[in-house]
Amino acid sequence: ISVRGSEGLYMVNGPPSFTESSVFHRDSGKNCKAVTFSKDGSLFAWCNGEKVNVVNVTRAELLCSFDLPKAVCIEFSPKNNVLATWQAYAAGKDGTAGVPNLQLHDLRTGKCLKAFIQKKMQNWCPSWADDESICARNVNNEVHFFENNNFNTIANKLHLQKVSDFVLSPGAQPTKVAVYVPGSKGAPSFVRLYQYPNFGGPQSALANKSFFKADRVTMLWNKKATAVLVVASTEVDKTGASYYGEQTLHYLSAHGESAVVQLPKNGPIYDVAWSPNSVEFCAVYGFMPAKATIFNLKCDPVFDFGTGPRNAAYYSPHGHILVLAGFGNLRGQMEVWDVKNYKLISKPVASDSTYFAWCPDGEHIVTATCAPRLRVSNGYKIWHYTGSVLHTYEVPSNEEMWQVSWQPFPDGVFPERAVRYQAVPSEVPSAEPKPAQAYRPPALRNKPVTSSKLHEDEPPQNMKPPLGGGDKPLSKTALKNQRKHEAKKAAKQEAKADANQGPAQAPAPQNALRNAVPATTTGDPDVDKKIKNLKKKLKAIEQLKEQAAAGKQLEKNQVEKIQKEAALLKELEDLELGV
């Protein structure tokens, strides 16, 4: 784990030792602006306000160093051939163009391959295909493509009205591109999928989805590059229902299908995550308490986790475990689920967390409280997914921690292990946060607590249709008719049972008499009326007794009512037996 903060930059060995790495020498400078691991975790780069340094992680030997004191962003290309650096753009004093501020360096020779002017920090880094055969960047609403890291020649251009954003697909060739064009002058926004290099107009697109209500979008490819999820957001919700704006979730398949994902609860979409298996995704949505649901590639719900205090979803690297968490303005409650069997494994709480990440081994998790999001109680914890805290570190009160990150590893290095439900042993005492006590006015402080909820939490439920039951779900009207039919059937059976019971049967126990729902008829309307009134009084007495048991102070007349219970029961019994 790399740790960056006011104490400097250092590395900590992962589970089980958690000791500071003796190989990587701590950089004690307080001006470390950026750090990054390479995609395979073999290289590590950081900028300390003087130079950008690149080292080999296992031996910590310095591979190259660049004089870029103002660099604030650094990134490796997927196969570690290129290091991209970015610093804030500054125009010339006389209004002329400034010095190119996005630089691409060859990591083998240390030479600068190309420098571009990139004014905005947002989307500053060029995007590479995983094999580095293609590199792309957005320039003045066009996507420019370079091939085989030759940045002097633009190999291809994707020119639409105004491309605002694009995402390259992961995985092997052929590379696909998802592009977003915002709507203007009443025209809808749209997302299109293309296969590189076929950009010959709308007909060459693999898929197209247009929609209104979008000021910005987030596009998420699945791991197999067969589909894209698009979260479209508006800055303002014109209905006034939410200050998060409005969000909609769209699905596009590389085969051409597209759909709007129907979410059963209204409200914001907090998070959407693809399962690493590429055939399912999880959405966290709806006004608090939020719902979380797993959908398949037909956008049908597969499993609903019910409602709870959550706003994020994190799949483990192997995809067998899902963590639903409530960070930010929520208390840090986490639910760890086995998604193969849909079983809850643990419910740890990581309060005040600003960061969460799975370890590449699929067993461990880091949660951290970092500045500037929170400037107090900075530190990190390493957990096992069964809920045990294995290691914890808090920085001294006068220091800050800015960033924590796991060293990545290529897929397949760590095999998937069987899911455990028993918490693993830990030497760290689990400091369970004390639940905050609700305010109680002085008049109620010595009285029993009555639990009252603003809303009822919905339980988890499996949404898969039963095997062999290929029936479609019933419509609302069909369900209504089915219920009516069942109610009539039940009433008929009850009537039959009543007819079979002779008048000479033994009296039923008192509770059964009291709770009997079907009204017994004697044939005399006056007697029936008396029986009904007696049952009403007995029910009221039962409620008073429950209130007294809960600690409520009863009035004098209420106590007298309770005392009459035995006499009323006797009278009811006599009437029903026709005495």
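Rules used in this analysis
Residues numbered from 1 in each chain as written. Predicted model: local features only at pLDDT ≥ 70, side-chain atom pairs only at ≥ 80, totals over all residues. Heavy atoms only, no water. Helix = DSSP H or I, 4+ residues; strand = E, 2+ residues; numbered from the N terminus. Buried < 20%, exposed > 50% of the residue type's maximum accessible area, 1.4 Å probe, protein only. Contact = heavy atoms within 4.5 Å. Areas by Shrake-Rupley, 256 points an atom, 1.4 Å probe, with all protein chains shown as cover. pLDDT = per-residue confidence, 0-100. 1 Å grid on protein atoms, 1.4 Å probe; cavity = no way out; pocket = protein on both sides within 12 Å on 5 of 7 lines; lining within 4 Å. Points joined across faces, edges and corners; volume = space filled by probe spheres on them. Domains from an automatic or database assignment. Phe/Tyr/Trp six-rings, centres within 6.5 Å; stacked < 30°, edge-to-face > 60°. Lys NZ or Arg CZ within 6 Å of the ring centre and 35° of its normal.

Participant: Tell me about the overall build of the chain, residues and numbers included.
Facilitator: Across its full length, the chain holds five helices and 36 strands. Across the 579 residues of the chain, 41% fall into the buried class. Sequence separation of at least 24 residues holds for 43% of the intrachain contacts in the chain that already meet a minimum separation of 6. Accessible surface, the chain as shown: approximately 33200 Å² in total, 52% of it carbon and sulfur.

Participant: Summarise the environment of Asn149; cite the residues concerned and give the values.
Facilitator: Here Asn149 lies in the loop between β13 (142-147) and β14 (156-159). Exposure remark for Asn149: the relative accessible area of 17% places this residue in the buried category. Sequence separation of Asn149 and Ser133 is 16 residues, and the distance between their C-alpha atoms is 7.3 Å. Once you skip the residues sitting within four places of it in the chain, Asn149 turns out to touch Asn81, Val82, Trp128 and Glu132.

Participant: Before we move on, can you summarise the confidence of the model for the chain with the specific residues and values?
Facilitator: Put simply, the chain has an average pLDDT of 82, and 86% of its residues get 70 or more. Here helix α2 (residues 510-515) stands out as the least confident element of the chain, with mean pLDDT 41; strand β27 (residues 312-315) is the most confident, with 94. Below pLDDT 50 for its whole length, residues 502-518 participates in 11 contacts with residues either more than four positions away or in separate chains.

Participant: Hey, could you go over the layout of surface pockets for me, with residue numbers and the actual values?
Facilitator: Of the pockets and cavities examined, the largest pocket occupies roughly 2000 Å³. Counting contributing residues, the lining of the largest pocket receives three or more from each of domain 1 (31-123) and domain 2 (126-260).

Participant: Please give an account of the packing of aromatic side chains that cites residues and values.
Facilitator: Applying the stated criterion to the full structure yields 17 aromatic pairs. A centroid spacing of 4.8 Å and a plane angle of 55 degrees characterise the contact between Phe37 and Phe44, whose relative ring orientation is tilted. Considered together, Phe37 and Phe44 belong to a single accessibility category, that of buried residues. For the ring pair Phe281 and Phe295, a centre distance of 5.4 Å and an interplane angle of 20 degrees mean the geometry is stacked. Placement of Phe281 in strand β24 (residues 280-285) and of Phe295 in strand β25 (residues 290-296) is noted, with a sequence separation of 14 residues between them. An identical accessibility class is assigned to Phe281 and Phe295; each is buried. A connected cluster of aromatic rings, assembled from ring pairs, spans Phe24, Phe37, Phe44 and Trp46. A cation over a ring is seen here: Arg26 above Tyr10, with NZ or CZ 4.0 Å from the ring centre. The residue whose ring lies beneath Arg192 is Phe190, and the NZ or CZ to ring-centre distance is 4.1 Å.

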